[in-house]
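# Observations on the three-dimensional arrangement
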Amino acid sequence: MKRRLLLVSNSTLHGSGYLEHCQQHISDFFGKDVKRVLFVPYALHDRDAYVKTARDKFKTLGYEVDSIHEASDPIDAVRRAEGIFIGGGNTFRLLKSLYDNKVVTEIRRRVLEDGVPYMGSSAGTNVATISISTTNDMPIVCPPSFSAIGLLNFNINPHYLDPDPSSRHMGETREQRITQYHEEPDTPSVLGLREGSMLLVEGNKATLLGTTKARLFTRGKPTVEYDPGCDLSFLLTDAH
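Residues numbered from 1 in each chain as written. Predicted model: local features only at pLDDT ≥ 70, side-chain atom pairs only at ≥ 80, totals over all residues. Heavy atoms only, no water.

## Topic: the environment of K59
Where we set the bar: Each helix is a run of DSSP H or I of at least 4 residues and each strand a run of E of at least 2, with the numbering of both proceeding from the N terminus. Remark: exposure states derive from per-residue accessible area (1.4 Å probe, protein chains only) relative to the maximum for the residue type, with buried under 20%, exposed over 50%, and partly exposed in between.
With respect to the helices, strands and loops of the structure, K59 is situated in helix α2 (residues 47-60). With relative accessibility at 61%, the residue K59 sits in the exposed group. Distance from K59 to V201, taken between C-alpha atoms, is 24 Å for residues 142 residues apart in sequence.

## Describing the sheet that holds strand β3 (residues 64-67)
Formally: Whether two strands pair depends on DSSP finding at least two bridges between them. Between N-to-C directions, angles cover 0 to 180 degrees, with each direction set by a line fitted to C-alpha atoms, over the stretch in contact for helices.
Taking strand neighbours across the sheet as the criterion, the seven strands line up as β3-β2-β4-β5-β1-β8-β9 in an open arrangement whose pairing is mixed. Two strands close off the open sheet at either side, each with one partner strand: β3 and β9 (205-210). Here the strands of the sheet are splayed against their neighbours by 20° on average, with no regard to which way each runs.

## Considerations on helix α5 (residues 104-112)
Definition in use: As used here, the arc belongs to the directions running from the helix axis to the C-beta atoms. Contact definition: two residues touch when any of their heavy atoms are within 4.5 Å.
Every buried residue of α5 is listed here: V104, E106, I107, R110 and V111. Within α5, the buried residues cover an arc of 170° as seen down the axis, which keeps them to one side. Looking at the buried positions of α5, the neighbouring elements they touch are β1 (4-8), α3 (74-80), β4 (84-86), α4 (91-100) and β5 (118-121).

## Quick notes on the environment of R93
By secondary structure assignment, the location of R93 is in helix α4. Look at R93 and you get partly exposed, because its relative accessible area is 24%. Separated by 49 residues in sequence, R93 and C142 place their C-alpha atoms 7.6 Å apart. The residues touching R93, leaving out its near neighbours within four places in the chain, are Y42, A43, L44, H45, I140 and V141.

## Things to note about the sheet that holds strand β7 (residues 190-193)
Taken together, the four strands give an open sheet; going across it, the order is β6-β7-β10-β11, and neighbouring strands pair in mixed fashion. The strands lining the two open edges of the sheet, one partner per strand, are β6 (155-157) and β11 (224-226). Averaged over neighbouring strand pairs, the angle between their axes works out to 25° when direction is ignored. Where β7 lies against strand β10 (residues 214-217), four bridges are found, and the strand directions are antiparallel.

## Let's talk about the environment of E202
Relative to the helices and strands, E202 is located in strand β8 (residues 197-202). The spatial distance from the C-alpha of E202 to the C-alpha of F29 is 9.9 Å, given a sequence separation of 173 residues. Here E202 is in contact with R3 and R4, once residues within four sequence places are set aside.

## Comments concerning the side chain of S9
Just so we agree on the cut-off: Two N or O atoms count as a polar contact when they lie within 3.5 Å, although within protein this holds only if one can serve as hydrogen donor and the other as acceptor, and sequence-adjacent residues are included solely when both atoms are side-chain atoms.
Topologically, S9 is positioned in the loop between β1 and α1 (23-30). From its side chain, S9 meets the backbone nitrogen of H159 in a polar contact 2.8 Å long. If we skip the residues at most four places from it in the chain, S9 touches S122, P158, H159, L193, R194, E195 and S197.

Right, dumping it as C-alpha cells:
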C-alpha cells in the first residue's frame, strides 16, 4: 500500500503560531518532490480567510497552495493534486462538504492507489479515519454518513484531554465518551491524540510523532499509553 499520511492533533499549539509546532514534520513529509499542495478548507465557514492562512504558512515552507473551493471542478482538482492538506474546524461540516462535492472516493483513490501524501489537522485527521464517530464537534449539519475517507481502519480522537480530578465540571470526560462509543458492538480502536502529537503513516508502518503521549482505547481492553517515537503499526492490521 502506497499511503503516506501525516495526521496532526491540532494546528495551533498553545504559545506558538499556526502549524508552527509541526512545521519541520510537514517539510519532511511533503519533501522536495511536492511543489503545490491542495488545501481543503471545507471545515470552516470563511473559506477565503482560511486558505489565506494556509497559503501564508505553506509559503514559508516553500510550497504553493491551491484551494479546492476555488476550483471549478473539485474532483479534477483532487486528480491533479501533488499533495493534499485538509484543515481543521467542524468535522460534520467538513465531511458533508466532501460528500456534497463528491470527492471522498477520489481522495481515497489518490492516497491509497497513487501514493499522494495526505496531511490532516484536527477535523482533517478525523475524516482520514474509518468514521467521524469520535469527533469532539457539534453536529451543526448532517452529512449523509458518518463513514469517512477510510485511509485508516480505526478512529482517532484529536485534542484528547485527560480527566481533571480537580475540575468541578460534571459533564462526561473524553474518556467516558470514548467508553460509551465502545459500548456499541464492533467498534474499532480509538487513538487519543493529545495536542502536540501526530501520527505518521508510511505504507503499513505507523509512528507516533510530536511532544506528547497518545492514549489507545480498545473495546474490552485496558487503555494503553504510548510515548512519542513509538511504533504503532499494529493498529493498521484488521484486528484493530
